[in-house]
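These are the residues of each chain, in order.
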Amino acid sequence: MADCDEWWDESEPVPAPAPASNIRHDNTSSRGSRVFHSNSGRGRGRGGVRGRSNEPNWRERSGDDGQSRRNFNNSNGDKKVISIPSDKVGRVIGKGGSKIRDLQYESDAKIKIGDSNGNDTEVTLFGTTDAITKANNMIDDLMKDRKPPPTKENYSSAGNGDEASGTSTTHNYSIINENGDEVIDWDRLNADYEKNQQERWSQLPDIVKDLYKEDQKVKEMSAAEVKRWRLTHNDIQVKRTFDDKPGLRPIPNPVLTFEQAFQHYPEILDEIYKQGFQEPSPIQSQAWPILLRGEDMIGIAQTGTGKTLAFLLPALIHIDVQPMPRDQRAGPTVLVLAPTRELALQIEKEVSKYQYRGIKSVCVYGGGNRKEQINIVTKGVDIVIATPGRFLDLVKAKHLCAINFSYIVLDEADRMLDMGFEPQIKISLFDVRPDRQVVMTSATWPPGVRRLAETYMKDPIQVNVGSLDLAAVHTVTQQLMFLEEDDKEAALLEFISNMHENDKIIIFCGKKATASHISTELCCKGISCQSLHGDRDQSDREAALDDMVDGTVNILVATDVASRGIDIKDLTHVINFDFPRHIEEYVHRVGRTGRAGKTGISLTFITRSDWAHAGELVKILEEAAQEVPEELVLMAERFEAMKIRRDRDGGGGGRGGRGGRGRGGRGRRDFFF
């Protein structure tokens, strides 16, 4: 792996455990007055061991009574007890236990943090002689003191940069300001840091990005022809996102056929033909010339428009044509970040359809087998598809380093920001090389996505398929039902009882508990369904999707983890049991149906508490030429009046629950006038 700066600190001191009792058990673990034998295979009480793990948790070490909470099965192999300084235990554990997991994985030994006498802490190693020796040597290496951090009199040039560049030069960055105070000369410190980074980047292998050979017919298209084609294909808008600087090449014309894009890459064409596609989708037609030319690109289009293939095929070619052989590269070449496990797994599934020059990929995500993922990465892959949290975990553990990636995709960037992943993205890509190629896809263009583009992209070309305004797909009939909160479950059951045999639906709920409750109620009533939400194990989430895809069940109850990137063919209905917290999620939920040229129906339950979204929902319905109920317009008007009244009264006036009050009694028709 390429040299990665150690810009995080894995050596946080951990408070020493309390002195242990003098009573020791080699093959037993005690909690209170109960004793459980490690070779019994099962627990005999509340504290019993249900099963054995080959990845022990570092947190389960000595408690207040000095006894271990978990006893490792050490009946096979050897055991060795070593002592380390208590103030250096953190180096063995690492943040969140990441280091001890890696030590165990790499050495094949089990490591248990044990008793402490205050100054020293016992560490027990289990396993074969070779495994124990390897683990012992790795721990000894961790105990070596590192170069101390710079003090105010002696600031290392560019932080850890000197270490990364192989030099040990230090400089005094203290200066005396006009008030006679000693301060840091940040200008010189930053300048030296930039110089150091340039030296590091200069040692990286060159990358080739311009892979496009324009077809003669595409080249000869007139400006009027290009404009007419873009207008008739979902009104595509193409422009430089930021300033159109002098010297930048003109935006390339779209390709109209697969052959025009990949005629010089016949193996790619063969893979496309195997999938049975007839012609490129609008975003693919415009994106392929841009990406093959090595440009950064922002693709803004609704889900189901072919964005994945738009960035995938150029990525395969990018991997293959780099001058350094793949088996000599310091790490993977392509990184794809996705907001959810389901989307990451779907991208991996899409990648697996295209067999090109032996290119390998791995999908890493939280909830998956971390050891297995690390093992695949270590053996060598070309494409890493990851969720931000797990990718950051592997970067911190130094199994991956952003500086190795030359083609980076931020898929569904707006969703990643909505889920709060911006810090993980920034930390993970801290060391990314400046000449990389970056692709960003998004369904909307909020300020946060623009901020990411400004940070990581260079002169990007923006491709908008359709309007930049928030809009639902026009192949979906959007229906609303106004009712009270307590009546939603009965309305749902009535709808399901009238389903056709071939109907396939997703029921979106606002909370995990609601999704779990609805799926349980349906099952109790003999209605076959699956559920998908964050409280389910990853294997169960995958099984739920598989059951929907292969038709084992026709009803999926889900939270918004299923609103993006999930491709379930022949989905006929989407039911919004709860209105989403953000209007953008309404668009993405609706977009699960009406895909690939087919039509669909969305049914949304509207209650009084949803009146804050009424105005935005009116705009979406009008844009899609849908019927706008009078009740919804009245809700929007009441909400706006409430806001005016509240502003006038200094924050008072209006209550959220009164927004949808209408004539008539309680019940489903309560909002009708």
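Residues numbered from 1 in each chain as written. Predicted model: local features only at pLDDT ≥ 70, side-chain atom pairs only at ≥ 80, totals over all residues. Heavy atoms only, no water.

(A) Summary view of the packing of helix H11 (residues 307–321) against helix H12 (residues 341–352). Where H11 meets H12, the axes come as close as 11 Å, and the angle between the chain directions of the two elements is 55 degrees. Relative to H12, the element H11 is oriented oblique. Seen along the crossing, H11 lies across H12 with a hand that is right-handed. Residue-level contacts link Thr308, Leu309 and Leu312 of H11 to Ile347, Glu350 and Val351 of H12. Residue classes in the contact of H11 with H12 are distributed as four nonpolar, one polar and one charged. (Axes fitted to C-alpha atoms, helices over the stretch in contact; angles between N-to-C directions. Helix = DSSP H or I, 4+ residues; strand = E, 2+ residues; numbered from the N terminus. Parallel < 35°, antiparallel > 145°, perpendicular 65-115°, else oblique. Left-handed = near helix turned anticlockwise from the far one by under 90°. Contact = heavy atoms within 4.5 Å. Nonpolar A, V, L, I, M, F, W, Y, C, P; charged D, E, K, R; others polar.)

(B) Molecular detail of the confidence of the model for the protein chain. Model confidence for the protein chain is summarised by a mean pLDDT of 80, while 79% of its residues fall at 70 or above. Per-residue pLDDT stays below 50 along residues 5–75; that stretch engages in 132 contacts with residues further than four places along the chain or on separate chains. Predicted confidence is poor over residues 148–170, with pLDDT under 50, and the contacts of this stretch with residues over four places away or in other chains come to 39 contacts. (pLDDT = per-residue confidence, 0-100.)

(C) Fine view of the sheet that holds strand E14 (residues 383–386). The eight strands are arranged E10-E17-E11-E16-E15-E12-E14-E13 in an open sheet whose pairing can be described as mixed. Two strands lie at the open edges of the sheet, namely strand E10 (237–240) and strand E13 (361–364), each paired on one side alone. Looking at each pair of strands side by side, their axes are set apart by 15 degrees on average, direction ignored. Examined bridge by bridge, strand E15 (residues 407–410) and strand E16 (residues 437–442) share four bridges and lie parallel to one another. Across the sheet, the residue bridging to leucine 410 is methionine 440, located in E16. (Pairing = 2+ DSSP bridges.)

(D) Region of interest: the sheet that holds strand E21 (residues 555–558). Taken together, six strands build an open sheet; the order of strands is E18-E23-E22-E19-E21-E20 and the sheet is parallel. Either end of the sheet is taken by a strand with one partner, and the two such strands are strand E18 (476–482) and strand E20 (530–532). The average undirected angle you get between the axes of adjacent strands in this sheet is 20 degrees. As paired elements, E20 and E21 share three bridges and run parallel to each other.

(E) Just the pattern of salt bridges, in detail. This model, assessed by the stated rule, comprises 26 salt bridges. In this structure, the salt-bridge partner of arginine 608 is glutamate 484, at a minimum N-O distance of 3.2 Å. You can see arginine 608 sitting in the loop between strand E23 (600–606) and helix H22 (614–623) and its partner glutamate 484 sitting in the loop between E18 and helix H18 (488–497), a full 124 residues away along the chain. Grouping residues by exposure puts arginine 608 and glutamate 484 together as buried. A salt bridge links aspartate 560 to arginine 589; its shortest N-O distance comes to 2.7 Å. Residue aspartate 560 is found in the loop between E21 and strand E22 (573–576), and its partner arginine 589 is found in helix H21 (residues 583–590); the two are separated by 29 residues along the sequence. A relative accessible area of 0% places arginine 589 in the buried class. Connected through salt bridges with shared partners, the residues Asp102, Arg370, Arg390 and Asp393 form a single ionic network. (Salt bridge = Lys/Arg side-chain N within 4 Å of Asp/Glu carboxyl O. Buried < 20%, exposed > 50% of the residue type's maximum accessible area, 1.4 Å probe, protein only.)

(F) Seen up close, the UniProt feature "short sequence motif: Q motif" (unreviewed entry) in the protein chain. When the UniProt feature table is mapped onto this chain, "short sequence motif: Q motif" (unreviewed entry) is found at residues 257–285. Measuring from the first to the last C-alpha atom of residues 257–285 gives 8 Å, for a span that is 66% helix and 0% strand. (UniProt positions renumbered as here; feature names shortened; annotations may be inferred.)

(G) Here's a closer look at the packing of aromatic side chains. Evaluation of the coordinates by the stated rule reveals six aromatic pairs. Ring geometry for phenylalanine 579 and tyrosine 586: centres 5.6 Å apart, planes at 15 degrees, overall stacked. Its relative accessible area of 9% is what places phenylalanine 579 among the buried residues. Ring centres of tryptophan 611 and phenylalanine 639 lie 5.3 Å apart, and the angle between their planes is 75 degrees; on these two criteria the pair is classed as edge-to-face. Highlighted residues: tryptophan 611 in the loop between E23 and H22 and phenylalanine 639 in helix H23 (residues 630–648), separated in sequence by 28 residues. Look at phenylalanine 639 and you get buried, because its relative accessible area is 15%. An aromatic cluster is defined as three or more aromatic residues linked by ring pairs; in this entry it consists of Phe258, Phe262 and Trp288. When the ring centre of phenylalanine 577 is taken as origin, the NZ or CZ atom of lysine 488, which lies over that ring, is 4.9 Å away. (Phe/Tyr/Trp six-rings, centres within 6.5 Å; stacked < 30°, edge-to-face > 60°. Lys NZ or Arg CZ within 6 Å of the ring centre and 35° of its normal.)

(H) Main features of the packing of H18 against helix H19 (residues 512–524). Look at H18 against H19: their axes get within 12 Å of each other, and the N-to-C directions meet at 50 degrees. Considering the angle they form, H18 stands oblique to H19. In this structure, H18 crosses over H19, and the sense of that crossing is right-handed. Taking contact as the criterion, the partners of Glu489, Leu492, Leu493 and Ile496 in H18 are, on H19, His517, Ile518, Glu521 and Leu522. Partitioned by chemical class, the residues of the contact of H18 with H19 number five nonpolar, one polar and two charged.

(I) A look at the pairing of strand E11 (residues 297–300). The two faces of E11 match: Met297 and Gly299 on one face and Ile298 and Ile300 on the other face are all buried. Looking at chain direction, E11 and strand E17 (residues 461–464) are connected through four bridges and run parallel. Of the residues in E17, the one forming a bridge with methionine 297 is isoleucine 461. Sheet topology places E11 next to E16; four bridges connect them, and they run parallel. Paired with glycine 299 across the bridge in E16 is threonine 441.

(J) Geometry of the side chain of arginine 230. Tracing the sequence through the fold places arginine 230 in helix H7 (residues 223–232). Buried and without a salt bridge, arginine 230 has glutamate 214 as its closest oppositely charged side chain, separated by 9.2 Å. Of note is the side chain of arginine 230, whose polar atom sits 3.0 Å from the side chain of glutamine 286. (Lys, Arg positive; Asp, Glu negative; His and termini not counted. Polar contact = N/O pair within 3.5 Å; in protein donor to acceptor, adjacent residues only side chain to side chain.)

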